[in-house]
Amino acid sequence: MTTEPDLDPDDFGFADPATDQSFENALAKARDGIRLSVDDATELLATGTATDGIDPVRKEAVLELADRRRAELVGDEVTFVANLNNNVTTACNTGCLFCNFKDSAHAFEADSDVDHAGFTKTPAESRAIVDDALEMGIYEVCSVSGLHPALALNADHHERLAAHDDPASTVNYKPPEAYATDPGTYVDQIEAMSVDGVHLHSMTPEEAYHARRGTDWSYEAVYRELADAGLDSAPGTAAEILVDEVRDVICPGKIRTDDWVTAMEGAMAAGLDTTSTMMYGHVETVEHRATHLGVIRDLQDRTGGITEFVPLSFIHQNTPLYRQGVVDGGPSRDEDELVVAVARLFLDNVEHVQASWVKSGDAHGLKLLNCGADDFMGTILSEEITKRAGGQHGEYRSFDDYVEMITAIGRTPVERSTDYRTRRRIDPDDGPHGPLLGPRADGSPMLPGDDADEPGAGSAPADD
Ligand code: SF4
């Protein structure tokens, strides 16, 4: 059960963007390979702020340039990873207005009689799910969860949180005994999921904040402890739009932009690779999107640890923003294409840009691969986030599907590791196809028949 505040759509408007740059100048800079400014990116995303709407001719010029840049930088390969989503819990009190993944944590309490469709997994359950998926050949486990009030970094953190006055309201903490299912600690969950050298991709900046709440621990120290427990890389989700005036309205309970950046720096200082994301197409303007890209590029200039940029097209159905009339839909396909293209042109220090079949569907996902993207996500043995938000495309994706789709657009399918450092070009004629990079992968198709809807490997949701 989710409670949500009453929203007034009039509170969510931002002024139309305007810059001192022209679309033509911005495009010329991109063509000449000159580093783009935020104003340049704003103009390209808008196909000119001086006129309303997206100009189709200008849009094609941007897409073409981005596709050419992609070909020059990373060639014709389209990568994907054999992965599993195993998310630990849907319990969360943060109340982000774009999210329908979470369930009010109160409903999970041992004495609650509130019906809910969410779940919390014990560490043993997480381990069993990963173990099964390893047999199917996965390389990576991706795990992003709600901010369950009983989740703490470790036993010491439990003690510190419990020592606060009124910890439920001051540090969002209740002891595990208060809940029907004990999720264990973050360290317990990471250790449990770290089976046989599988790559564990988990702990967003928001989760890292939750794992240090009520203490003065640094993000780096938290990530180091998690890395010691088996964490291999951290997703740069929970970013949404990295502009505080947008965060103030869509996710006021989340960390601010500065804190998000500090958390990412902490993860990379602890030796972890990260990814970067942007969830767009809700209340923000193109100027906010461009500013967000600027935050990512600056962070990468300082750290160099971001492996990819993942645009997350806002799925509006079933979210408070849509239910209450603040937005009347998500981004258009034109906007999706321009975000991918401008990310490719603007983020000159991030090598890989992802296209999403989960958010966009197969046909449009393939189109995005011709707008500057070179990565096509993963097999996702379980994908629940997008389905819960009303999306239609969150299903398992087989290797044979991947090979067929990627070769259909004249590109080369490549199985990759999470960090892109290990890559295997796949011969389309040598099917049926299956993963080879995972610890137990042997090239067999991941599932019998390989086109199953849900493998039963442990459905779960994620943060963004
Ligand atoms: S986006 Fe994440 S933090 Fe926000 S409500 Fe959803 S699960 Fe909670």
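Residues numbered from 1 in each chain as written. Predicted model: local features only at pLDDT ≥ 70, side-chain atom pairs only at ≥ 80, totals over all residues. Heavy atoms only, no water.

**Things to note about a negative patch on the surface**
Argument step 1. On the surface, E177, D182, D188, E191, E225 and D228 cluster together into a negatively charged patch.
Argument step 2. Secondary-structure elements contributing two or more residues to the negative patch are α7 (186-193) and α9 (219-229).
Argument step 3. Within the element layout of this structure, E177 appears in the loop between α6 (167-170) and α7. (Patch = residues over 30% accessible without salt bridge, like charges linked within 9 Å, V, L, I, M, F, W, Y side chains within 5 Å. Areas by Shrake-Rupley, 256 points an atom, 1.4 Å probe, with all protein chains shown as cover. Salt bridge = Lys/Arg side-chain N within 4 Å of Asp/Glu carboxyl O. Lys, Arg positive; Asp, Glu negative; His and termini not counted. Charge placed at Lys NZ, Arg CZ, Asp CG, Glu CD. Helix = DSSP H or I, 4+ residues; strand = E, 2+ residues; numbered from the N terminus.)

**Re the sheet that holds strand β1 (residues 77-81)**
Argument step 1. Within the open sheet, the 4 strands sit side by side as β9-β1-β10-β11. Their pairing is mixed. Of all the strands in the sheet, just β9 (375-378) and β11 (423-425) have a single pairing partner and so form its edges. The average angle at which neighbouring strand axes cross in this sheet is 25°, direction not considered.
Argument step 2. As defined by bridge partners, β1 adjoins β9 across 2 bridges and the pair is classed as parallel. Counted as the bridge partner of T79 is D375 from β9. (Pairing = 2+ DSSP bridges. Axes fitted to C-alpha atoms, helices over the stretch in contact; angles between N-to-C directions.)

**Some points on the packing of helix α4 (residues 123-135) against α7**
The geometry of a pair of packed helices is captured by two quantities: the angle between their axes and the separation between those axes.
Argument step 1. For the pair α4 and α7, interaxial distance at closest approach is 8 Å and the crossing angle is 25°. By the angle between their directions, the pair α4 and α7 is classed as roughly parallel. Between α4 and α7 the crossing geometry is right-handed. Mapping the contact onto sequence places P123, S126, R127 and V130 in α4 and D188, Q189, E191, A192 and M193 in α7.
Argument step 2. Grouping the constituent residues of the contact of α4 with α7 by class yields 4 nonpolar, 2 polar and 3 charged. (Parallel < 35°, antiparallel > 145°, perpendicular 65-115°, else oblique. Left-handed = near helix turned anticlockwise from the far one by under 90°. Contact = heavy atoms within 4.5 Å. Nonpolar A, V, L, I, M, F, W, Y, C, P; charged D, E, K, R; others polar.)

**Some words on the pattern of salt bridges**
Opposite charge on two side chains permits pairing when their charged atoms draw close.
Argument step 1. Within this structure, the stated rule accounts for 32 salt bridges.
Argument step 2. The partner of E337 in a salt bridge is K59, and the shortest N-O contact between them spans 2.7 Å. You can see E337 sitting in helix α14 (residues 333-346) and its partner K59 sitting in helix α3 (residues 56-74), a full 278 residues away along the chain.
Argument step 3. With a closest N to O distance of 3.0 Å, D374 and R344 form a salt bridge.

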